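Architecture and fold: a report
Chain residues, written in single-letter form:
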Amino acid sequence: MTLRGKHIIAGLTGSIAAYKAAMLVRLLTKEGAEVQIVMTPTAKQFISPLTMATLSKHPVRTDFFNPENGEWNSHVNMGIWADALLIAPATANTIAKMATGTADNLLLTTCLSARCPVWVAPAMDTDMFLHPATIRNIETLRQRGVHLIEPAAGELASGLEGKGRMEEPEIIVKRLAEYFVPKDFHGRKILITAGPTQEPIDPVRFIGNYSTGKMGYALAKELAQRGAEVLLIAGPTEHRPQHPNITLTGVQTAAEMYDAAVKAFPDCAAAILTAAVADFTPANVYPQKITEKKEFALPLLPTKDIAAELGRMKQAQQILAGFALETHNETEHAQQKLQNKNFDFIVLNSLNDAGAGFGYDTNRISILSREGNIRRFDLKNKTEVAEDIANHLLTCLKHCIII
Ligand code: C5P
């Protein structure tokens, strides 16, 4: 319920993509938003006001006043009521009128009265979208602070292919939800290590592990969305999160991750170490590919322990947390790690739990604190798990400052 209690005006304009607005409004209300719909006269030809009124649980507004009883639809009051104005789909015509400040229908007057942030999700044929006039109009809106939800590329109603399809409702809702996430980590720099490391054996082989980085990336994204400046040090993985608040340092080996983490930590309020760092690395890297097919021994040296080093460096006002992925005696092993590495808390997940561990989109965690408390959480998707961990971290950081 990321939009709980938010007042949203959903503006619909005359585009074939108006059918997607039904799903959009459904999703907005599911996220807890109260939605008031304003349709342009042409929008009513694409989707029925009855459908939209039923989904939003409010009468749809189109005209300045009700012709039967003269009741006035006050765009000024709506503009004051709204926390967000979302125009989806937005036609080239409405975008052009918004850019010039035209006010010839209820939606446009509402745009002029709105004091809240405005989102526009264009939907039009690709040639219209790429027309210099539309490009300039969108730029004008952007400069005014309007949030543009870029259309996607693909098949268009005209039969043409190209950019112009209104973005999918799920993504539009996500964009709004991200905006309203409380920025409770603002001003804090947080270090996250994530993913596996790879220890080269020869130019084509390495010692690795099954980590995909998903948990660390979910955490980096959660913290970034909540206003933190995130320094993400990540081993080699396929997908890495992108967010303006995330600065990524890509590394390959445990030694590279160690150097990057030790350098970054002194400036950070906290570090959460989610990376599955190799514990051993080949003593020597073969300069050429090993081709001979016979039994051979590969001497391994222990890698430097990043967590233990950060634990040594940690200052009183800093928080350090790690992960423990265990197969047996989980709590006992996690508690040992918590002490040995001087963590403030440790997040325990067990390979014995269905749906938890490498590669899954879900995780079941417990958070063990230095004071000996254990908080157990349900199996959740990794985004929600990241929220729980971030909340715990925030409590620790606030506690640190009070002391
Ligand atoms: O490998 P182990 O289970 O001991 O890892 C526990 C925690 O220590 C994890 O948070 C992991 O990211 C961190 N770690 C590390 N450097 C290592 C090994 C582990 O930072 N060399």
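Residues numbered from 1 in each chain as written. Predicted model: local features only at pLDDT ≥ 70, side-chain atom pairs only at ≥ 80, totals over all residues. Heavy atoms only, no water.

1. So, the sheet that holds strand β17 (residues 345–350)
- The 8 strands are arranged β12-β11-β8-β13-β16-β17-β19-β20 in an open sheet whose pairing can be described as mixed. If you trace the sheet from one side to the other, it starts and ends with β12 (246–250) and β20 (374–376), each paired once. Averaged over neighbouring strand pairs, the angle between their axes works out to 15 degrees when direction is ignored.
- Packed onto the sheet, helix α10 (residues 254–264) meets β8 (189–194), β11 (229–234) and β12 and runs at close to 160 degrees relative to β11. (Pairing = 2+ DSSP bridges. Helix = DSSP H or I, 4+ residues; strand = E, 2+ residues; numbered from the N terminus. Axes fitted to C-alpha atoms, helices over the stretch in contact; angles between N-to-C directions. Contact = heavy atoms within 4.5 Å.)

2. Examining the site of the ligand
- Contacts to the ligand come from 13 residues, most closely from L273, A275, A307, F323 and K337.
- In this structure, an oxygen atom belonging to the ligand sits 2.6 Å away from a main-chain N or O atom of L273.
- For the ligand, an oxygen atom lies 3.2 Å from a polar atom in the side chain of K341.
- Starting from 440 Å² of accessible surface for the ligand in isolation, the protein chains cover 87%.
- Sorting the residues of the shell around the ligand by element identifies α11 (306–313) and β16 (319–326) as the ones contributing at least two each. (Near = heavy atom within 4 Å. Polar contact = N/O pair within 3.5 Å; in protein donor to acceptor, adjacent residues only side chain to side chain. Areas by Shrake-Rupley, 256 points an atom, 1.4 Å probe, with all protein chains shown as cover.)

3. Regarding the packing of aromatic side chains
- This structure, assessed with the given rule, holds 4 aromatic pairs.
- Centre to centre, the rings of Y179 and F180 are 5.1 Å apart; their planes meet at 85 degrees, and the pair counts as edge-to-face.
- Here Y286 and F296 contribute two aromatic rings whose centre-to-centre distance is 6.3 Å and whose plane-to-plane angle is 85 degrees, an arrangement assigned as edge-to-face. Taken together, the residues Y286 in the loop between β14 (280–282) and β15 (300–302) and F296 in the loop between β14 and β15 connect sequence positions 10 residues apart.
- Here the aromatic cluster, defined as three or more aromatic residues joined through ring pairs, consists of W119, Y179 and F180. (Phe/Tyr/Trp six-rings, centres within 6.5 Å; stacked < 30°, edge-to-face > 60°.)

4. Quick word on helix α4 (residues 92–100)
- Listed in full, the buried residues belonging to α4 are A92, T94, I95, K97, M98 and A99.
- Against β3 (84–90), α5 (106–113), β4 (118–122), α6 (126–130) and α7 (132–143) lie the buried residues of α4.
- Within two residues after α4, G101 carries a phi angle of roughly 80 degrees, on the positive side. (Buried < 20%, exposed > 50% of the residue type's maximum accessible area, 1.4 Å probe, protein only.)

5. Brief notes about the pairing of strand β19 (residues 366–369)
- With burial as the criterion, each face of β19 is covered, one bearing S366 and L368 and the other bearing I367 and S369.
- Bridge count for β17 against β19 is 4 bridges, and the pairing is antiparallel. Directly across from L348, in β19, lies its bridge partner S366.
- Of the strand pairs in this sheet, β19 and β20 are connected by 3 bridges, and their pairing is antiparallel. Looking at the pairing, I367 lines up with R375 of β20.
- A loop of 4 residues connects β19 with β20, the two strands running antiparallel in sequence, and G372 in this loop sits at a positive phi of about 95 degrees.

6. Overview of the domain arrangement of the chain
- Here the chain is described as being made up of domain 1 (7–180) and domain 2 (189–283 + 295–399).
- A C-alpha centroid distance of 42 Å is found between domain 1 and domain 2. (Domains from an automatic or database assignment.)

7. Description of the side chain of T29
- Following the sequence through the fold, T29 ends up in helix α1 (residues 18–30).
- The exposure class of T29 is buried, given its relative accessible area of 18%.
- Excluding residues that lie within four positions of it along the chain, T29 makes contacts with V35 and L55.

8. Things to note about the packing of α4 against α7
- With their axes 9 Å apart at the nearest point, α4 and α7 run at an angle of 50 degrees to one another. The orientation of α4 with respect to α7, classified from their angle, is oblique. Along this stretch, α4 crosses α7, giving a crossing that reads as left-handed. Facing α4, whose interface residues are A92, I95, A96, M98 and A99, α7 presents T134, N137, I138, T140 and L141.
- Residue classes in the contact of α4 with α7 are distributed as 7 nonpolar, 3 polar and no charged. (Parallel < 35°, antiparallel > 145°, perpendicular 65-115°, else oblique. Left-handed = near helix turned anticlockwise from the far one by under 90°. Nonpolar A, V, L, I, M, F, W, Y, C, P; charged D, E, K, R; others polar.)

9. Structural notes on the sheet that holds strand β5 (residues 147–148)
- Read from one edge of the open sheet, 5 strands run β2-β1-β3-β4-β5, paired in parallel fashion. In this open sheet, the two edge strands, each paired with only one partner strand, are β2 (34–39) and β5.
- Where β3 and β4 come together, 4 bridges link them in parallel fashion. Bridge assignment links L86 to a residue of β4, and that residue is W119.

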